[in-house]
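Overview (structure and organization)
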Amino acid sequence: MREALAAYRAELAALSHQELVECYNAERQREFQQAVAKAEREEQERFYNQPQATADFGHWSKLAHWTLDEAVALSFGKAPEVVNWPTISKYLQISSFAVQYGRRRELTVRAVPWKQLYDPVLPTIFLAWAKRNDIEVPAALIEAIGKRDRIADWRSLYDELKAVHEEKEKVWRATDEAKDRFTASLQDRIRELETGQADRTAEKPLGAKERESLLKIVIGVAVDSYKYDPKLSRSAVPQEIADDLAKCGIVLDVDTVRKWLREAAELLPPKGNG
């Protein structure tokens, strides 16, 4: 061995500076490749790369919800009962997979306070979130979930529903305002009638034109503000009018309201004539 060592030293001493540098670099590259090969071999031999660590997508697609840790494992195609944060975190210093797992887990944890994800979470919500954040998920998992439920972005659905709700709120507010105006106009008209009646020494019946004008006012307001349809036999409008009048301290029987609405409806022009 001493002879071999001496011969190797003599061989190195005979090299030029450039040849010595090249020899040194080649040896370092060889050692590096050996270290990489060893690390890859050890990585492949670890438990999370063994067959038992592969997820059963058929089973997990049937579950009503996943925990976030289960969802992260499934997004890598791993079985959550084998691969999870307690078993993976101890490899953070030596495994690139463990680092990737930790980073993806951190994304999910930080999404919870902002209501982007929940723990536990619906599978469809998690997959939509992953797609929105360009996180690759096994196609087999997406297909298994898609067979049982529609994968949709809940935030987009929420925005659509919110827009519809706000539009309906506008309609409701407009209807309430119209009812208030109708009630106020009826109240003013009643005051006018009461004032006129107090000034009379004897009750004077309405003339035919006055009666017709009053009925036109009644049916016009009922159709415009209460959407009254004379063709409906069981309309709820008479009860609504009676209730609104009662709020103003005016008690009027619903049958009486219904009677005058029917009579006033006869003054409506035919549909074709506007």
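Rules used in this analysis
- One numbering rule holds for all chains: residues counted from 1, following each sequence as written.
- Only residues with pLDDT of 70 or above have their local features reported here, since the model is predicted, and side-chain atom pairs are shown and tallied only from 80 upward, although totals for entire chains, interfaces and linings are computed over all residues.
- In computing side-chain properties, one takes all heavy atoms of the structure into account and sets aside hydrogens as well as water.
- Only DSSP runs of H or I with at least four residues qualify as helices, and only runs of E with at least two residues qualify as strands; both kinds are numbered from the N terminus onward.
- Based on C-alpha atoms, the radius of gyration is set beside the globule rule, defined as 2.2 Å times the residue count to the power 0.38.
- Three labels apply to residues, based on accessible area from a 1.4 Å probe with only protein chains included: buried if under 20% of the type maximum, exposed if over 50%, partly exposed otherwise in between.
- Note on contacts: a residue pair qualifies if any of its non-hydrogen atoms lie within 4.5 Å across the two residues.
- Methods summary: accessible areas were calculated by the Shrake-Rupley approach with a probe of 1.4 Å, and residue burial reflects only the protein chains presented.
- The charged-residue count follows a simple rule in which Lys and Arg add positive charge and Asp and Glu add negative charge, with His and chain termini not counted at all.
- The atoms used to mark charge sites are NZ of Lys, CZ of Arg, CG of Asp and CD of Glu.
- Whether two aromatic rings pair depends on their centres lying within 6.5 Å, for rings of Phe, Tyr and Trp, where Trp uses its six-membered ring; planes under 30 degrees apart make the pair stacked, over 60 edge-to-face, and the rest tilted.
- Sitting over a ring, as applied to charges here, requires NZ of Lys or CZ of Arg to be within 6 Å of the ring centre and within 35 degrees of the ring normal.
- Fitted lines through C-alpha atoms serve as axes, helices being fitted only where they are in contact, and the angles separating the N-to-C directions of these axes extend from 0 to 180 degrees.
- The labels follow the angle: roughly parallel below 35 degrees, roughly antiparallel above 145, roughly perpendicular from 65 to 115, and oblique for the rest.
- We call Asp, Glu, Lys and Arg charged. Ala, Val, Leu, Ile, Met, Phe, Trp, Tyr, Cys and Pro are nonpolar, and the rest, Gly among them, are polar.
- Take the buried residues of types Ala, Val, Leu, Ile, Met, Phe, Trp, Tyr and Cys, join any two whose side-chain atoms come within 4.5 Å, and each joined set is a nonpolar core.
- Put simply, a salt bridge is a Lys or Arg side-chain nitrogen that is within 4 Å of an Asp or Glu carboxyl oxygen.
- Every residue is assigned a pLDDT by the predictor, reflecting its confidence on a scale from 0 to 100.

For the protein chain, the count of helices and strands is twelve helices and zero strands. The N-to-C order of helical and strand elements in the protein chain reads α-α-α-α-α-α-α-α-α-α-α-α. The globule rule puts the C-alpha radius of gyration for 274 residues at 19 Å, and the 41 Å found for the protein chain is more than 25% above it. With the C-alpha coordinates aligned to their principal axes, the bounding extent of the protein chain is approximately 145 × 45 × 40 Å. By residue count, 26% of the 274 residues in the protein chain fall in the buried class. Counting only contacts in the protein chain whose residues sit at least 6 apart along the sequence, the fraction spanning at least 24 positions is 60%. Put simply, the protein chain shows about 19,500 Å² of open surface, and 54% of that area lies on carbon and sulfur atoms. For the protein chain, the distance from the average site of its 42 positive side-chain charges to the average site of its 45 negative ones is 2 Å.

With respect to the helices and strands, the residue Leu-215 is situated in helix H10 (residues 208-226). On the basis of relative accessibility, which here comes to 8%, the residue Leu-215 falls in the buried class. Each C-alpha atom of the pair Leu-215 and Leu-267 lies 7.8 Å from the other, and the pair is 52 residues apart in sequence. Excluding residues that lie within four positions of it along the chain, Leu-215 makes contacts with Trp-260, Glu-263, Ala-264 and Leu-267.

What follows concerns the packing of aromatic side chains. Counting across every chain of the model gives eleven aromatic pairs. Centroid distance Phe-76 to Phe-97: 5.2 Å. Interplanar angle 75 degrees. Geometry classified as edge-to-face. Note that Phe-76 is positioned in the loop between helix H4 (68-75) and helix H5 (85-88) and Phe-97 in helix H6 (residues 96-111), a separation of 21 residues in sequence. Residue classification places Phe-97 among the buried residues on the basis of a relative accessible area of 11%. Between Trp-85 and Tyr-101, the ring centres sit 6.2 Å apart and the planes meet at 10 degrees, which makes this aromatic pair stacked. With Trp-85 in helix H5 and Tyr-101 in helix H6, the pair connects residues that are 16 residues apart, well separated along the chain. On the basis of relative accessibility, which here comes to 22%, the residue Trp-85 falls in the partly exposed class. Among the residues examined, Tyr-101 registers a relative accessible area of 0% and is labelled buried. An aromatic cluster is defined as three or more aromatic residues linked by ring pairs; in this entry it consists of Phe-47, Tyr-48, Phe-76, Trp-85, Tyr-91, Phe-97 and Tyr-101. Cation over ring: Lys-78 sits above Phe-97, and NZ or CZ is 5.6 Å from the ring centre.

Close contact between H10 and helix H12 (residues 254-265) brings their axes to 9 Å; oriented N to C, the two are set at 105 degrees. On the basis of their axis angle, the class for H10 and H12 is roughly perpendicular. Contacts between H10 and H12 involve Arg-211, Leu-215, Val-218, Ile-219 and Ala-222 on the former and, on the latter, Trp-260, Leu-261, Glu-263, Ala-264 and Ala-265. Of the residues that constitute the contact of H10 with H12, the class distribution is eight nonpolar, no polar and two charged.

In summary, soluble globular proteins display a tendency toward joint burial of nonpolar side chains. Ranked by internal contacts, the top residues of the largest apolar core, which has 20 residues, are Trp-66, Leu-74, Leu-117, Phe-126, Trp-129 and Leu-141. Contributing elements (two or more residues each) for this core: helix H3 (57-60), H4, helix H7 (123-132) and helix H8 (139-146). Tallying contributions element by element places H7 first for this core, with five residues. Ranked by size, the runner-up nonpolar core spans 18 residues in total, among them Tyr-226, Val-237, Ile-241 and Leu-245.

Per the stated rule, a full pass over the model turns up ten salt bridges. When the shortest N-O distance is used, the salt bridge between Arg-110 and Glu-106 registers 2.9 Å. Placement of the pair is Arg-110 and Glu-106 together in helix H6, with a separation of four residues, close to one helical turn. Overall, Arg-110 belongs to the exposed group, its relative accessible area being 57%.

Attention now goes to unusual backbone geometry. The step from Asp-119 to Pro-120 runs through a cis peptide bond, and the omega angle for that step is 5 degrees. On the secondary structure map, Pro-120 appears in the loop between H6 and H7. A positive phi angle, near 60 degrees, is found at Lys-115, a position not held by glycine. For Lys-115, the position within the fold is in the loop between H6 and H7. Positive phi values are uncommon outside glycine, yet Lys-227 reaches one of about 55 degrees. By secondary structure assignment, the location of Lys-227 is in the loop between H10 and helix H11 (237-247).

Per-residue pLDDT for the protein chain averages 87, and the proportion of residues at 70 or more is 91%. When the elements of the protein chain are averaged for pLDDT, helix H9 (residues 154-199) gives the smallest value, 78, and H4 the largest, 98.

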